[in-house]
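Chain and residue survey
The primary structure of each chain is shown beneath.
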Amino acid sequence: MTAATQDVLITADDVWAGYIPGVSILNGCSLEVKKGELIGIIGPNGAGKSTFLKALFGLVPVTEGKFVLDGDDITNLRADQLVKRGIGFVPQTNNVFPSLTILENLEMGAYQRPQAFKERLDVIGDLFPVLIERKNQRAGSLSGGERQMVAMARALMMDPKVLLLDEPSAGLSPARQDETFVRTRDINKHGVTVIMVEQNARRCLQICDRGYVLDQGTAAYTATGQELLKDPKVIELYLGTLGA
Amino acid sequence: MFTRPDRRFYRAAALLLVAAAAFVIATLVIGGGPADAETVEPVAAGTSTATLVIQNVINGLAFGVLLALAAVGLSLIFGTTGLSNFAHGEQVTFGALLTFFLSTNEQVTIPLVPGSFTIGLPLWLAAIIAVIVSGGTGWLQDKLLWNPLRKRRVAVLQQMVVSIGLSLALLNMLQWWMGASRHRLTNASGGRITFGDFYIGTQTLMSVVIASIALLAVALFLLKTRLGRATRAISDNPALAAASGIRVDSIIRLVWVMSAALAGLGGILLALFDNGAGFDSGARILLLMFAAVTLGGLGQAFGALVGALVVGVVSEVSTVVIAPDMRYASALGILIIVLLVRPQGILGTKERVG
């Protein structure tokens, strides 16, 4: 094995997946994520962006092909098994436990490793100090942006190798969106590989190391975020204008 | 949605505590210990309405606590799986009848098994075994029925219809086993504790104490243990609970065991309170349990307690003015009124959106 292939963390190998038998959303999707990368997945509505994350996390059945994490086949594993192997998932909506307090939400994040809870809480406290200040507040009383923080913090409690973010900026105000992107970059700098699916293609490409453009259920092409921002086809289809 | 108790809950809890404290002090100061049931007959003919009402409130609170214990499992199952389990009443009956079966000195039989016999265990031992076996039936039905249905993604409405069918089947099996007559768990009169013009049966008081301890244990489990918090997380959002690494199916299995065991214990205590149980004891209070759970706030574990207390007190006090046979109807009337005023139930909360 060459050094380059050893660095690969996750491979999607010709993955076919769909919600209903016979109707596949992912049609032979292949991509590769290296350790420590921040990957952005963009594409038009219905391209299969969210489905890709859900298939990777075992929420949508994979009918053909496979996902490989660190050399192990993880296709169609149960969610709790994937969490154990170091995958954290933040859904787009309904991503907190509303009747639980912030602290209890975080405790659920570390459910499989209660002995590491205290230690992880300190780490998370550095990233999200506001959550610790308000730890006894019920998550159901928080705003959308605050919930997004709780959701990310919960997913980070297990110290995952890779964090999957499903449209983290959706439904947030522009200021909160910026905050989310900056925070995602921060988390990535702490050594967590991140795969994010985004509608806000420009902001996403600005912060990510590498982007994948998904189209009709396959990974159409990949390049660094900066390259994709300048790519005429990407500009025309997903960015609208050259912009700022 | 087992929300952490908020201010409203603490206010309700404080009121209950004050009432309970007053009750205990009154018992100690005025009553002066257990009295002999044969000689004391405190509520005599010609008692004032006020006295009658207060006595009925006492009976109603006692009934309410026992009803809460029987109903809390209904609430737990609804909260974690979304299922309105119509077979919960038979679970309540089963606890009482199994206790009778194990403890009675009469001859008992098992359908299709020839001959009759007497087991005659002490009541407390029979009750413990019955609660354990009840929990086992919860494990078994989740293993054989509810978990496979969930796996095949059968919707909760269809599951509810299954539970109605199961309820009828179990009701008939219970009648086949125990016949149509009522069975008394104990023949001891038990005596009464009197305080002034009022009284409470010692058997009833003991049942209420046991039920309160069990309810407290459930509350502590949900709030203070990791498993309990995971249970609340599942009722909030099962998909996210799974994504957090919680094994949702094993916790739902545990909830079924707990719910069935608590229903069994509730059935036993209600049989002591009611001087007996028949094959349809649970079926008779099924709607009251649903009323209690809905009244308190669907899926709220503490809602079952508050709702059951309201149902108990209203149904007992209503007998002052209307025929005793009608008392459950008045409790269901209260349900309609409360839901018109507070659609989410007494303790139910509305979530902030976004």
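Worth saying up front: this structure is predicted, and the values here are computed from it rather than measured. (Residues numbered from 1 in each chain as written. Chains lettered and ligands numbered in written order. Predicted model: local features only at pLDDT ≥ 70, side-chain atom pairs only at ≥ 80, totals over all residues. Heavy atoms only, no water.)

Points about the overall build of chain A
Looking only at helices and strands, chain A features 11 helices and 10 strands. Within chain A, the fraction of its 244 residues that count as buried is 55%. Here chain A has roughly 10300 Å² of accessible surface; of this, 51% comes from carbon and sulfur atoms. (Helix = DSSP H or I, 4+ residues; strand = E, 2+ residues; numbered from the N terminus. Buried < 20%, exposed > 50% of the residue type's maximum accessible area, 1.4 Å probe, protein only. Areas by Shrake-Rupley, 256 points an atom, 1.4 Å probe, with all protein chains shown as cover.)

Remarks on the interface of chain B and chain A
Every contact between the two is made by 27 residues of chain B and, on the other side, 30 residues of chain A. Carbon and sulfur atoms make up 53% of the area that chain B and chain A hide from each other, which totals about 2400 Å². Our count for the contact surface shared by chain B and chain A stands at 2 salt bridges. Put simply, A:Glu104 and B:Arg232 hold a salt bridge, and the shortest N to O gap is 3.1 Å. At the boundary of chain B with chain A, the tally comes to 7 residue pairs in polar contact (both at pLDDT 80 or more). For the side of chain B that touches chain A, the elements supplying multiple residues, two or more each, are helix 7 (226–236) and helix 8 (238–243) of chain B. Ranked by residues supplied to the side of chain B that touches chain A, first place goes to helix 7 of chain B with 7 residues. (Contact = heavy atoms within 4.5 Å. Buried area = accessible area lost by both parts, 1.4 Å probe. Salt bridge = Lys/Arg side-chain N within 4 Å of Asp/Glu carboxyl O. Polar contact = N/O pair within 3.5 Å; in protein donor to acceptor, adjacent residues only side chain to side chain.)

Details of the nonpolar core
A general feature of soluble globular proteins is that nonpolar side chains tend to end up buried together. Residues A:Met108, B:Leu67, B:Leu69, B:Trp177, B:Ile246, B:Met289 and B:Val311 are the most contacted members of the largest nonpolar core, which totals 83 residues. When residues of this core are assigned to their parent elements, the largest contribution, 15 residues, is made by helix 9 (residues 248–273) of chain B. Apart from the residues lying within four places of it in its own chain, the contact partners of B:Leu67 are B:Ile285, B:Leu288, B:Met289, B:Ala292, B:Ala308 and B:Val311. A:Phe117, A:Leu131, A:Ala139 and A:Tyr238 belong to the second-largest nonpolar core, a separate cluster that totals 43 residues. (Core = buried A, V, L, I, M, F, W, Y, C linked by side-chain atoms within 4.5 Å.)

Observations regarding the packing of aromatic side chains
Counting across every chain of the model gives 10 aromatic pairs over all chains. On the basis of an interplanar angle of 70 degrees and a centroid distance of 5.7 Å, the ring pair of A:Phe52 and A:Phe67 is categorised as edge-to-face. On the criterion of sequence distance, the pair formed by A:Phe52 in helix 2 (residues 49–56) and A:Phe67 in strand 4 (residues 62–69) is long-range, its members being 15 residues apart. With a relative accessible area of 1%, A:Phe52 lands in the buried category. Ring geometry for A:Phe57 against A:Phe89: centres 4.8 Å apart, planes inclined by 25 degrees, an arrangement best described as stacked. In this pair, A:Phe57 sits in the loop between helix 2 and strand 4 while A:Phe89 sits in strand 6 (residues 87–90), placing the two residues 32 residues apart along the sequence. Chaining the aromatic ring pairs together yields one cluster made of B:Phe94, B:Phe101, B:Phe117 and B:Trp177. In this arrangement the basic side chain of B:Arg192 is found over the ring face of B:Tyr199, its NZ or CZ atom lying 4.0 Å from the centre. (Phe/Tyr/Trp six-rings, centres within 6.5 Å; stacked < 30°, edge-to-face > 60°. Lys NZ or Arg CZ within 6 Å of the ring centre and 35° of its normal.)

With respect to the pattern of salt bridges
With the rule as written, the count across this model stands at 18 salt bridges over all chains. One salt bridge in this structure joins A:Arg134 and A:Glu146, with 2.8 Å as the shortest N-O distance. Linking A:Arg134 in the loop between helix 6 (129–133) and helix 7 (144–156) with A:Glu146 in helix 7, this pair joins segments that are 12 residues apart in sequence. Residue classification places A:Arg134 among the partly exposed positions, given a relative accessible area of 27%. Ionic contacts of the salt-bridge type, sharing partners, join the residues B:Asp142, B:Arg150, B:Asp249 and B:Arg253 into one network.

Some points on helix 10 (residues 281–296) of chain B
Residues and elements named next belong to chain B. A rise of 1.5 Å per residue sets the reference length of helix 10, with its 16 residues, at 22 Å; its end C-alpha atoms lie 23 Å apart and thus fit the reference within 8%. Leu287 marks the point of greatest bend in helix 10, at about 35 degrees. A large share of helix 10 lies buried, amounting to 12 of its 16 residues. Regarding helix 10, the residues found buried are Ser281, Gly282, Ile285, Leu286, Leu288, Met289, Phe290, Ala291, Ala292, Val293, Leu295 and Gly296. (Expected span 1.5 Å × (residues − 1). Bend = angle between axes of the 7 residues up to and from the residue.)

Things to note about the UniProt feature "transmembrane region" (unreviewed entry) in chain B
Residues and elements named next belong to chain B. The feature "transmembrane region" (unreviewed entry), as annotated in UniProt, sits at residues 61–80, 92–113, 119–140, 160–178, 198–223, 254–273, 285–314 and 326–345 in this numbering. Between the first and last C-alpha atoms of residues 198–223 the distance is 36 Å; the span itself is 85% helix and 15% strand. Secondary structure over residues 254–273 splits into 100% helix and 0% strand, and the C-alpha atoms at its two ends are 28 Å apart. (UniProt positions renumbered as here; feature names shortened; annotations may be inferred.)

Points about the sheet that holds strand 7 (residues 162–166) of chain A
Residues and elements named next belong to chain A. Strand order in the open sheet formed by 6 strands is 6-7-8-3-9-10, and the pairing between neighbours is mixed. Each edge of the open sheet carries a strand with a single partner, namely strand 6 and strand 10 (218–224). The average angle at which neighbouring strand axes cross in this sheet is 20 degrees, direction not considered. The pairing of strand 3 (residues 38–42) with strand 8 (residues 193–197) spans 4 bridges and is classified as parallel. The residue of strand 8 that forms the bridge with Ile41 is Val197. Along the sheet, helix 7 contacts strand 6 and strand 7; its crossing angle with strand 6, the most-contacted strand, is approximately 165 degrees. (Pairing = 2+ DSSP bridges. Axes fitted to C-alpha atoms, helices over the stretch in contact; angles between N-to-C directions.)

Points about the packing of helix 4 (residues 102–109) of chain A against helix 7 of chain B
Between helix 4 of chain A and helix 7 of chain B, whose axes approach to 10 Å, the crossing angle comes to 100 degrees. Relative to helix 7 of chain B, the element helix 4 of chain A lies roughly perpendicular. On helix 7 of chain B, the residues touching A:Glu104, A:Glu107 and A:Met108 of helix 4 of chain A are B:Arg226, B:Arg229, B:Ala230, B:Arg232 and B:Ala233. (Parallel < 35°, antiparallel > 145°, perpendicular 65-115°, else oblique.)

A closer look at the pairing of strand 4 (residues 192–195) of chain B
Put simply, side chains in a regular strand alternate between the two faces of the sheet. Residues and elements named next belong to chain B. Note that strand 4 and strand 5 (residues 198–201) share 4 bridges and pair antiparallel. The residue bridging Arg192 from the neighbouring strand is Gly201, located in strand 5. Hairpin connection between strand 4 and strand 5: a loop of 2 residues separates the two successive antiparallel strands, and Gly196 in this loop has a positive phi of roughly 65 degrees.

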